Every structure is written in C-alpha cells, then in structure tokens.
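Understanding the architecture of this molecule
In case you want the letters, here they are:
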2 protein chains.
Amino acid sequence: MLTNGTCPKTMLSIKDALEALEGKWKLLILFALSTGPKRFKQIAKEVNGITDKTLSRELKNLETNELIKRTVHDTFPPTVEYTITEHGLSLEKVLEELHYWGLLHRKQVMGR
Amino acid sequence: MLTNGTCPKTMLSIKDALEALEGKWKLLILFALSTGPKRFKQIAKEVNGITDKTLSRELKNLETNELIKRTVHDTFPPTVEYTITEHGLSLEKVLEELHYWGLLHRKQVMGR
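Residues numbered from 1 in each chain as written. Chains lettered and ligands numbered in written order. Predicted model: local features only at pLDDT ≥ 70, side-chain atom pairs only at ≥ 80, totals over all residues. Heavy atoms only, no water.

1. Quick notes on the interface of chain B and chain A
How big an interface is tends to be reported as the loss of accessible area on association of its parts. Of the residues lining the interface, 56 residues belong to chain B; the matching set on chain A comes to 56 residues. Taking both sides of the interface into account, the surface hidden between chain B and chain A amounts to around 5600 Å²; carbon and sulfur atoms contribute 70%. Our enumeration of links across chain B and chain A arrives at 4 salt bridges. Asp16 of chain A is the partner of Arg106 of chain B in a salt bridge, and the nearest nitrogen-oxygen pair spans 2.5 Å. At the junction of chain B with chain A, the criterion picks out 14 residue pairs in polar contact (both at pLDDT 80 or more). At 17 residues, helix H6 (residues 92-110) of chain B tops the list of elements feeding residues into the side of chain B that touches chain A. Of the residues that constitute the side of chain B that touches chain A, the class distribution is 27 nonpolar, 15 polar and 14 charged. (Contact = heavy atoms within 4.5 Å. Buried area = accessible area lost by both parts, 1.4 Å probe. Salt bridge = Lys/Arg side-chain N within 4 Å of Asp/Glu carboxyl O. Polar contact = N/O pair within 3.5 Å; in protein donor to acceptor, adjacent residues only side chain to side chain. Helix = DSSP H or I, 4+ residues; strand = E, 2+ residues; numbered from the N terminus. Nonpolar A, V, L, I, M, F, W, Y, C, P; charged D, E, K, R; others polar.)

2. What to know about the nonpolar core
Formed by 60 residues in total, the largest nonpolar core has its most connected members in Ile29 of chain A together with Ile29 of chain B. Non-local contacts of Ile29 of chain A, meaning those with residues more than four positions away in its chain, are made with Ile43, Val47, Ile50, Leu55, Glu58, Leu59 and Leu62 of chain A. (Core = buried A, V, L, I, M, F, W, Y, C linked by side-chain atoms within 4.5 Å. Buried < 20%, exposed > 50% of the residue type's maximum accessible area, 1.4 Å probe, protein only.)

3. What about the pattern of salt bridges?
One pass over the structure, following the stated rule, counts 10 salt bridges over all chains. Taking the shortest distance from any N to any O, the salt bridge between Glu19 of chain A and Lys24 of chain B comes out at 2.8 Å. Separated into two different chains, Glu19 of chain A in helix H1 (residues 8-20) and Lys24 of chain B in the loop between helix H1 (8-20) and helix H2 (26-33) make up a pair that spans both. Here Asp52 of chain B makes a salt bridge to Lys41 of chain B, at a shortest N to O gap of 3.1 Å. Remark: Lys41 of chain B occurs in helix H3 (residues 40-46) and Asp52 of chain B occurs in helix H4 (residues 52-64); sequence separation between them is 11 residues. The class of Asp52 of chain B is partly exposed, set by a relative accessible area of 38%. Looking at Lys41 of chain B, the relative accessible area reads 56%, which means it is exposed.

4. Let's talk about the relation of the copies chain B and chain A
The two copies are related by a screw motion: chain B maps onto chain A through a turn of 180 degrees and a shift of 0.0 Å along the axis, at an RMSD of 0.0 Å. Read as a symmetry element, the transformation amounts to a two-fold axis. When you check the interface residues of chain B against chain A, 100% turn up at the interface there too, and the contact is symmetric in its surfaces. (Least-squares fit on C-alpha atoms with pLDDT ≥ 70 in both.)

Pasting the structure below:
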C-alpha cells in the first residue's frame with residue numbers, strides 16, 4: 001500500500017483510525033481489557049503510569065466509540081466492570097503490528 | 001496475541017510505538033512521504049488540516065526518531081526535502097492495519 005501512491009481515501013481512513021485512537025493510552029487500555037472484563041483499579045494498575053483522571057476520561061471516550069462496554073453489577077455496593085466489545089477486539093491486528101514495530105524501534109533508535 | 005494474556009513486555013513495546021507515533025499527524029506525514037521525497041509545502045498540502053507550526057514540529061520529531069531524513073540541496077536559493085527512511089518504511093504494516101480498521105470504524109460508529 002505504502003508504495004502504491006498516496007490515495008486520499010486511504011489517508012482519510014487512517015485519519016479516522018488515528019482520531020478514534022488518539023493519544024498513547026487508549027490502545028494500552030484496550031490491550032489490558034483484551035484478557036477479560038476488569039474494574040477501574042485493575043486497569044489503572046496494569047496500564048502503568050496513567051492517572052485516575054486520565055483513565056476515567058479515556059474510558060468514557062472508548063465507550064462513546066463503542067470500543068468498550070461499562071456494566072454496573074447489582075451488588076452492594078454496586079460494582080462497575082469494563083469489557084472490550086467486538087469492535088474493540090477488531091483492533092487486534094493493529095496492536096500486533098504496533099507491538100512488532102515497537103520492538104524494532106527500541107532496537108533501532110532507543111537501544112543505542 | 002490479544003487473547004494470550006496481558007504480557008508486560010508486549011505492553012511495553014506497544015507503549016514504545018505509541019510514544020514514538022503520538023498524535024494523529026506523524027503517521028499521516030509518513031504516509032504522505034511514502035510516495036517519494038517532498039518539500040514542506042507539498043506535505044502541508046497533502047496532510048489536510050495540519051498547520052505549518054505543527055508540521056514543522058512534527059517533522060523535527062520524526063527526524064529525531066530517524067523516521068525521516070531532511071536534505072538541504074545546494075541550489076539557489078537552497079531547497080529542503082524530506083525523505084522517509086528505511087525505519088519509517090517499516091511502519092507499512094501498521095499503516096495498512098490502521099487503514100483497514102479506519103474503514104471498519106467509519107462503518108461501525110461514524111457512519112450512522
């Protein structure tokens with residue numbers, strides 16, 4: 001694709017994706033949720049370095065984009081769980097390719 | 001990978017990648033440069049919506065991360081061209097998967 005000329009339609013779809021996934025946290029949160037539903041504190045622990053305020057904002061944004069689902073369980077006190085949706089799981093290949101490239105980048109640039 | 005459990009090492013490499021590519025512009029600039037070396041004004045035209053100030057900052061950052069190369073040609077007046085490096089081209093699969101996912105996301109969420 002990269003060598004096939006710059007197609008404005010392709011650029012648009014990449015822009016759509018980047019706008020939905022903007023920032024460094026959303027994909028990391030989705031990655032943490034890819035192993036199963038989790039509560040706020042569990043996600044905060046797994047996504048190293050994120051503040052509660054940012055996590056809260058990002059979770060809302062991910063819910064708006066239908067990438068995760070927020071479920072309130074009828075316990076006492078009520079418990080809230082976040083689950084990745086099917087649409088969220090469709091990012092698997094993006095995450096895989098970012099993982100491979102991240103390894104390469106560390107070797108190429110950061111590892112010096 | 002997504003269903004294989006959350007591996008801290010995988011999360012680290014994804015974080016490395018996301019930090020190097022942070023924001024919505026860097027990948028779009030690389031995509032524009034994937035068809036050949038370009039001058040500042042050409043890139044600004046192809047990457048719709050970017051301001052000169054942001055483009056200038058992002059080009060510097062991409063150069064630091066060795067994703068593009070800045071070449072000054074000995075003309076009168078001197079001309080500057082930006083070229084994608086081999087390391088930049090190694091993002092091809094990431095861009096491809098983002099493209100596919102962007103199409104899906106538009107259909108799923110934005111297209112309603």
